[in-house]
Amino acid sequence: MEAKKYRMKGEKSEQVVSENNFLIAKNIMRAYKKARRSRKKKQEVYFFDLNLEKNILSMLEDLKKRNYIHGKYKKIILYDSKKRIIYSPRFQDHILHHMVYKYIYEILDKKMVHSSFACRRWYGSHKWVKYLQKIIKKEQRRLEDTEKLYYLKIDFSKYFFSINHDFLKKKLRKFIENEDILYCIDLIIDSYSSPKNYDDLLWYVPYYVWEKNKWLPIWWILSQIFANFYLNELDQYLKHNLKVRFIRYMDDIIILWTKNKLKNTLEKILDFSEKEKLILHPKKTSFNLISDTISFVWYIIKDNKIFVGKRIKKWFIKFMNNLENIDINKLNLTEENKVTIESKYYSRIWAFKITNYGDRYISRRENIDFIRGGNANNGANTGVFTLNLNRTSTNQNRNVGFRCVE
């Protein structure tokens, strides 16, 4: 029987990759280069590089013989809008994750609906905002004059911690048939056991407390696509069976319809969540008129206008305050640091660009212009970008990184 073939995107030249050639050294090397980009300064990468060819061949041999041993995860605590616990795999396992991700992404992405966003190429936060505005206008035209358009907002409680391993494997097996890929997927999913972080909080849900094979660690590459794909069956049910307009960003969902029909929809979603062993967040499930404010994933929509959410404002203010408090005398930026600062700045600026009053808010915090070179005095020494940290016109050699202008 002829092997199935998939056209992989993101390559300089598109290649047709056969599933039968999944376990080859070339694919591991390609995944190694991807994994190394985010960890090239880590000590574990240095030791792996010392015997690179030997380690790659050893990894390939272990996978072919089905005796590969997945290592433990490193626990990291981050403080963003709230305390987050993330788990980082060792570098060799990180390579395996990238290898699997490359082969399953296109397969799973094609099976997902267009109203599902997050962790997909070209399905980011800007696109969902525009899509939500579009479907609101369409639904308002379809309703009769006596009817009012409502939206049902749904959020799953501790979503990543509730994902069932057995259910996830069954869902993946519906679309992935290659045994080598499935072996790697099972190996990765079984490499972590359920923590008891929220057993006290969710003590009233028996299938959460007693289920041992659950939980996806947050923030490593495969957990994002696994978590997004896990609710694909719900997306298909809402679209093809109930035929409602909706938008989903990971585990956050907004459904548009009349109030009575939304109540029936909520009952069916409750039944679905119990079958999937998921828990609806009681405080984040609500009915509201579409004319009211819609707060959803970083943005606020009101009267068909887009406003930036509190979280993005907080990130922007914190970033700008850090720039203002830089100690020039102790600053020693490399070219890589300058590019990093530039990318962080522009990522925050573009979060505002989609809103109606983003430019006005940014102007109150002063604008930053990234320009080539420096001023007449130090352009040759400061590198690609320059920053006037004291915000004054000066000929002194104080400019480092990029320039703030009023």
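This text follows the structure it describes.
Residues numbered from 1 in each chain as written. Predicted model: local features only at pLDDT ≥ 70, side-chain atom pairs only at ≥ 80, totals over all residues. Heavy atoms only, no water.

*Asks:* I'd like to hear about the overall build of the protein, residue by residue, with values.
*Replies:* A tally of regular secondary structure across the protein gives 15 helices and 14 strands. Considering the protein as a whole, with its 406 residues, one finds that 46% of them fall into the buried category. Of the contacts formed within the protein by residues at least 6 apart in sequence, a portion of 67% connects residues at least 24 apart. Split by element, the accessible area of the protein, about 22,900 Å² in all, is 49% carbon and sulfur. (Helix = DSSP H or I, 4+ residues; strand = E, 2+ residues; numbered from the N terminus. Buried < 20%, exposed > 50% of the residue type's maximum accessible area, 1.4 Å probe, protein only. Contact = heavy atoms within 4.5 Å. Areas by Shrake-Rupley, 256 points an atom, 1.4 Å probe, with all protein chains shown as cover.)

*Asks:* Got a sec to walk through the side chain of Asp251? Specific residues and values, please.
*Replies:* By secondary structure assignment, the location of Asp251 is in the loop between strand S7 (245-249) and strand S8 (252-257). Here Asp251 occupies a buried position and makes no salt bridge, while the nearest side chain of opposite charge, Arg248, is found at 7.3 Å. Not counting residues within four places of it along the chain, the set of residues in contact with Asp251 comprises Ile154, Asp155, Phe156, Tyr159 and Leu231. (Lys, Arg positive; Asp, Glu negative; His and termini not counted. Salt bridge = Lys/Arg side-chain N within 4 Å of Asp/Glu carboxyl O.)

*Asks:* Could you give an account of the packing of helix H11 (residues 232-241) against helix H12 (residues 259-275), with specific residues and numbers?
*Replies:* One way to put it is that H11 packs onto H12 with a least axis distance of 12 Å and a crossing angle of 150°. Classified by the interaxial angle, the pair formed by H11 and H12 is roughly antiparallel. Relative to H12, the crossing made by H11 is right-handed. Residue-level contacts link Glu233, Leu234, Tyr237 and Leu238 of H11 to Thr265, Lys268, Ile269 and Phe272 of H12. Residues belonging to the contact of H11 with H12 are distributed by class as follows: five nonpolar, one polar and two charged. (Axes fitted to C-alpha atoms, helices over the stretch in contact; angles between N-to-C directions. Parallel < 35°, antiparallel > 145°, perpendicular 65-115°, else oblique. Left-handed = near helix turned anticlockwise from the far one by under 90°. Nonpolar A, V, L, I, M, F, W, Y, C, P; charged D, E, K, R; others polar.)

*Asks:* Give me the sheet that holds strand S6 (residues 150-155): which residues, what numbers.
*Replies:* Pairing is mixed in the open sheet, where five strands are placed in the order S5-S7-S8-S6-S9. If you trace the sheet from one side to the other, it starts and ends with strand S5 (116-117) and strand S9 (286-289), each paired once. (Pairing = 2+ DSSP bridges.)

*Asks:* Would you mind going over the packing of aromatic side chains in detail, with residue names and values included?
*Replies:* Taken as a whole, this structure holds 22 aromatic pairs when the rule is applied. Ring centres 6.0 Å apart and planes at 80° place the aromatic pair Tyr32 and Phe91 in the edge-to-face group. Of this pair, Tyr32 sits in helix H1 (residues 25-37) while Phe91 is found in helix H4 (residues 91-111), placing the two residues 59 residues apart along the sequence. According to the relative accessible area criterion, Phe91 is buried, its value standing at 2%. Measuring from ring centre to ring centre gives 5.8 Å for Tyr159 and Phe160, while their planes differ by 80°; the resulting arrangement is edge-to-face. For Tyr159, a relative accessible area of 3% corresponds to the buried category. For Phe160, a relative accessible area of 13% puts it in the buried group. (Phe/Tyr/Trp six-rings, centres within 6.5 Å; stacked < 30°, edge-to-face > 60°.)

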